Amino acid sequence: DQQVKQNSPSLSVQEGRISILNCDYTNSMFDYFLWYKKYPAEGPTFLISISSIKDKNEDGRFTVFLNKSAKHLSLHIVPSQPGDSAVYFCAALASQNFVFGPGTRLSVLP
Amino acid sequence: KAGVTQTPRYLIKTRGQQVTLSCSPISGHRSVSWYQQTPGQGLQFLFEYFSETQRNKGNFPGRFSGRQFSNSRSEMNVSTLELGDSALYLCASSLRDSYSGNTIYFGEGSWLTVV
């Protein structure tokens, strides 16, 4: 039973447009959420996080939105750049456990 | 400061053998966790160590084990390797001195191929 879901395995976006990556979770005990980006043959790198007491966190081109009632969060990248092409993992934290989603492969087309 | 270091980066083993992977966390980080990544499966949590104690364990068979040393370095061991153990094994470290608000930082991973 997947507690963190990323229902889109892949997403293609034109350079300069907005990329929206979605993540849904089932465990209401999750209180902290993170997004990681992963290039092939490299480990995931931390992008941005959000606490459950907030509904938005912004860092440069990256914004994460959290809708607790819907148990949904999304990562917005604007404007998208070719270097953003990677696999994006959503992760959730409850007490001591990090749970990762299966990832979404983003392709930004020039 | 140096990031999370994993060794070896690549290795090939045959079925039935055992393997040990090593991880050096970021200086000052006391928590080390291990993940397995296979195509389409995301990151599957193996276990977490904090101050030399296993604090959490994922849903993997007993062939997968780990330990942490007093300097926070960690090793994971897989015995009696199976073809399905072929994966990228990722180590992550964090401060984890509170239950929330801590980010984990990954190493580049160890690619294990079982033939």
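For clarity, every value in this text was computed on a predicted model and none was experimentally measured. (Residues numbered from 1 in each chain as written. Chains lettered and ligands numbered in written order. Predicted model: local features only at pLDDT ≥ 70, side-chain atom pairs only at ≥ 80, totals over all residues. Heavy atoms only, no water.)

A. Region of the structure containing the overall build of chain A. Secondary structure summary: chain A contains zero helices and 11 strands in total. Relative to its length of 110 residues, chain A is compact, with a C-alpha radius of gyration of 13 Å against a globular reference of 13 Å. Considering only C-alpha atoms, chain A reaches an extent of 40 × 25 × 20 Å along its principal axes. Taken over 110 residues, chain A has a buried fraction of 46%. In chain A, the share of contacts with a sequence separation of at least 24, taken over all contacts with a separation of at least 6, comes to 53%. Accessible surface, chain A: about 5,200 Å² in total, of which carbon and sulfur atoms supply 48%. (Helix = DSSP H or I, 4+ residues; strand = E, 2+ residues; numbered from the N terminus. Rg over C-alpha atoms; globule rule 2.2 N^0.38 Å. Buried < 20%, exposed > 50% of the residue type's maximum accessible area, 1.4 Å probe, protein only. Contact = heavy atoms within 4.5 Å. Areas by Shrake-Rupley, 256 points an atom, 1.4 Å probe, with all protein chains shown as cover.)

B. Layout of the packing of aromatic side chains. All told, the structure shown has 12 aromatic pairs over all chains when counted by the stated rule. Ring centres 5.2 Å apart and planes at 80° place the aromatic pair Phe 100 of chain A and Tyr 35 of chain B in the edge-to-face group. In this pair, Phe 100 of chain A is assigned in strand β10 (residues 97–100) and Tyr 35 of chain B in strand β4 (residues 31–37), connecting two distinct chains. The two residues Phe 100 of chain A and Tyr 35 of chain B agree in class, both being buried. Through a chain of ring-to-ring contacts, three or more aromatic side chains come together here, namely Tyr 36, Phe 46 and Phe 100 of chain A together with Tyr 35, Phe 45 and Phe 106 of chain B. Above the face of the Phe 50 of chain B ring, Arg 55 of chain B is positioned so that its terminal group lies 4.3 Å from the ring centre. (Phe/Tyr/Trp six-rings, centres within 6.5 Å; stacked < 30°, edge-to-face > 60°. Lys NZ or Arg CZ within 6 Å of the ring centre and 35° of its normal.)

C. Looking closely at a nonpolar patch on the surface. On the surface, a cluster of nonpolar side chains totalling about 230 Å² of accessible area is made up of Ile 18, Ile 20 and Val 78 of chain A. Mapped onto the elements, Ile 20 of chain A comes out in strand β3 (residues 19–25). (Patch = residues over 30% accessible without salt bridge, like charges linked within 9 Å, V, L, I, M, F, W, Y side chains within 5 Å. Salt bridge = Lys/Arg side-chain N within 4 Å of Asp/Glu carboxyl O.)

D. The arrangement of the sheet that holds strand β7 (residues 64–68) of chain B in detail. Residues and elements named next belong to chain B. The strand order across the open sheet built from four strands is β1-β3-β8-β7, with neighbouring strands paired in antiparallel fashion. With partners counted over all chains shown, the strands left at the sheet margins are β1 (5–7) and β7, one partner each. On average, each strand axis in the sheet is inclined to that of its neighbour by 20°, with strand direction left out of account. The pairing of β1 with strand β3 (residues 19–24) spans three bridges and is antiparallel. Note on β3: the bridge partner recorded for Gln 6 is Cys 23. (Pairing = 2+ DSSP bridges. Axes fitted to C-alpha atoms, helices over the stretch in contact; angles between N-to-C directions.)

E. Broad picture of the environment of Gly 103 of chain A. All names here are of chain A. Assignment of secondary structure puts Gly 103 in the loop between β10 and β11 (104–109). Given a relative accessible area of 10%, Gly 103 falls into the buried group. Put simply, Gly 103 and Pro 9 are 94 residues apart on the chain and 6.6 Å apart in space, counted from C-alpha to C-alpha. Setting aside residues up to four positions removed in sequence, Gly 103 forms contacts with Gln 6, Ser 8, Pro 9, Val 87, Tyr 88 and Phe 89.

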